[in-house]
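# Per-entry structural report
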Amino acid sequence: MAGSKQISQVAIIGTGVIGASWAAQFLAKGLDVVATDIAPNAEASLRRFVDAAWPALDRLGLAPGASPMRLSFSADMAEAVKGADLVQENGPERIDFKKKLYGQLDELLPPDVIIASSSSGLTMSEIQSGCPNHPERCVIAHPFNPPHLVPLVEIVGGAKTSEETIRRASEFYRGLGKKTVRLHKEVPGHVANRLQAALAREVYYLVGEGVVSVADVDTAVCWGPGLRWGIMGQVLLNHLGGGQGGMEHFLQQFTAPMTAWWKVLGSPELTPELQQKLIDGIRAEVGSRSIDDLAAERDEVLLGLLELRNKADAEAAQSIRANRVA
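Residues numbered from 1 in each chain as written. Predicted model: local features only at pLDDT ≥ 70, side-chain atom pairs only at ≥ 80, totals over all residues. Heavy atoms only, no water.

## Some details on the nonpolar core
Condition: By nonpolar core is meant a set of buried Ala, Val, Leu, Ile, Met, Phe, Trp, Tyr and Cys residues that side-chain atoms within 4.5 Å join together. Three exposure classes are used, based on accessible area relative to the maximum for each residue type with a 1.4 Å probe and protein chains only: buried under 20%, partly exposed in between, and exposed over 50%. Strands are runs of DSSP state E lasting at least two residues, helices are runs of H or I lasting at least four, and both sets are numbered from the N terminus onward. Here, two residues are considered to be in contact whenever any of their heavy atoms come within 4.5 Å of each other.
Counting 32 residues, the largest nonpolar core has Val10, Ile12, Phe26, Phe172 and Tyr173 as its most contacted members. For this core, the secondary-structure elements that each account for two or more residues are β1 (9–13), α1 (17–28), β2 (32–36), α2 (42–60), β5 (114–117), β6 (138–143), β7 (152–157) and α6 (163–175). Per element, the largest residue contribution to this core is seven residues, and it comes from α1. When sequence neighbours within four positions are dropped, the list of residues in contact with Ile12 reads Gly19, Trp22, Ala23, Phe26, Val33, Val34, Ala35, Thr36, Gln88 and Asn90. Listed in part, the 20 residues of the second largest apolar core include Ala11, Ala84, Cys131 and Leu183.

Written out as structure tokens, the structure is:
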């Protein structure tokens, strides 16, 4: 890959929920964004999303020059990617579609333009096989929904992705304030979705076996370990759970019971009956609240947590600097 130019203009391919959220994020960081989507009314829907997201982004802090006015739209993909320094692709999760798209982008883009996929499950090795000229500039940059609020981005290279692309992509997303994790091996679903799938499997099993209701299992997650997970990761919490002995003591104390539980974890079959049980249970839990009501509730609490964590991170960084000076 030639050069390492600064990324100041991003092309968004696909402006559904993820693409629109990415567009809002990039705009809030002072970048120029050109979006493309062939869906009817895509531009109007995108602009409505950005306008609705802007107060939250303003609350978290806008970069100098950030403005929704820096958003452009073109239904013609070739026009949209012209001049882009990075392409954020958010197309359907179909390998045939992705490979064809990447072949087209490979022809349209200079070799130093990164093509980053938001794919939640496909591997980059599969995707970049449709990119014959410069597969080294293709990388997975998988966000967590909604990308304009949730900081996580999973960086995954394919068999032909260069280390330079991994480095540039990681630096770019970290520069936006994202928390990046690099996967050193490709696995379906990456990391965070696999963790979600593991939890969902046991949640659905417990509901299906009649151990707990849908509402109560949601309460158990969000008012128990979920609160801690919003602060620290699993292994760090285990270290803390070991008391003064840390991780060593935790493993000595809990290896036997933990591995015993592993042996009896469920593997539910999502039969029509279990699916209906889950649907009926969530309807009872939600009551009269709409999807928009629930999303607003989620985002408001999420904003509060982000503000608190940003404050804590800033105070920790200040303390480290003070100790170095001393």
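## A short note on the environment of Leu308
Along the polypeptide, Leu308 turns up in helix α13 (residues 291–325). Each C-alpha atom, one on Leu308 and one on Ile231, is 10.0 Å from the other, the two residues being 77 residues apart in sequence.

## Remarks on helix α4 (residues 95–108)
To be explicit about the condition: Multiplying 1.5 Å by the residue count of a helix minus one yields the expected span of that helix.
Its 14 residues place the ends of α4 20 Å apart at the C-alpha level, agreeing with the 20 Å of an ideal helix rising 1.5 Å per residue. Taken together, the buried positions of α4 are Lys98, Leu101, Tyr102, Gly103, Leu105 and Asp106. Packing partners of the buried residues in α4 comprise β1, α3 (77–81), β4 (86–89), β5, α5 (124–128) and β6.

## Quick look at the sheet that holds β7
We count it as follows: Strand pairing follows a simple DSSP-based rule, namely that at least 2 bridges must link the two strands. Think of each axis as a best-fit line through the C-alpha atoms, taken over the contacting stretch in the case of a helix, with angles from 0 to 180 degrees between the N-to-C directions.
Across the sheet, which stays open at both edges, the eight strands sit in the order β3-β2-β1-β4-β5-β6-β7-β8 with mixed pairing between neighbours. The open sheet terminates on both sides in strands that have one partner only, identified here as β3 (71–73) and β8 (179–183). Adjacent strand axes in the sheet meet at a mean angle of 25° when their direction is disregarded. The sheet contacts of α6 involve β1, β4, β5, β6, β7 and β8, and relative to β7 the element is tilted by about 175°.

## Some details on the pattern of salt bridges
Note the following rule: Any Lys or Arg side-chain nitrogen found within 4 Å of a carboxyl oxygen on Asp or Glu counts as a salt bridge.
Inspection of every chain in the model, using the stated rule, returns 14 salt bridges. For Glu93, the salt bridge goes to Lys98, with nearest N and O atoms at 3.7 Å. A relative accessible area of 39% means that Glu93 is categorised as partly exposed. Note on Lys98: relative accessible area 0%, which makes it buried. Notably, a salt bridge pairs Arg182 with Glu163, separated by 2.7 Å at the nearest N-O pair. Remark: Glu163 occurs in helix α6 and Arg182 occurs in strand β8; sequence separation between them is 19 residues. Residue classification places Arg182 among the partly exposed residues on the basis of a relative accessible area of 37%. By relative accessible area, which is 51% here, Glu163 ends up exposed.

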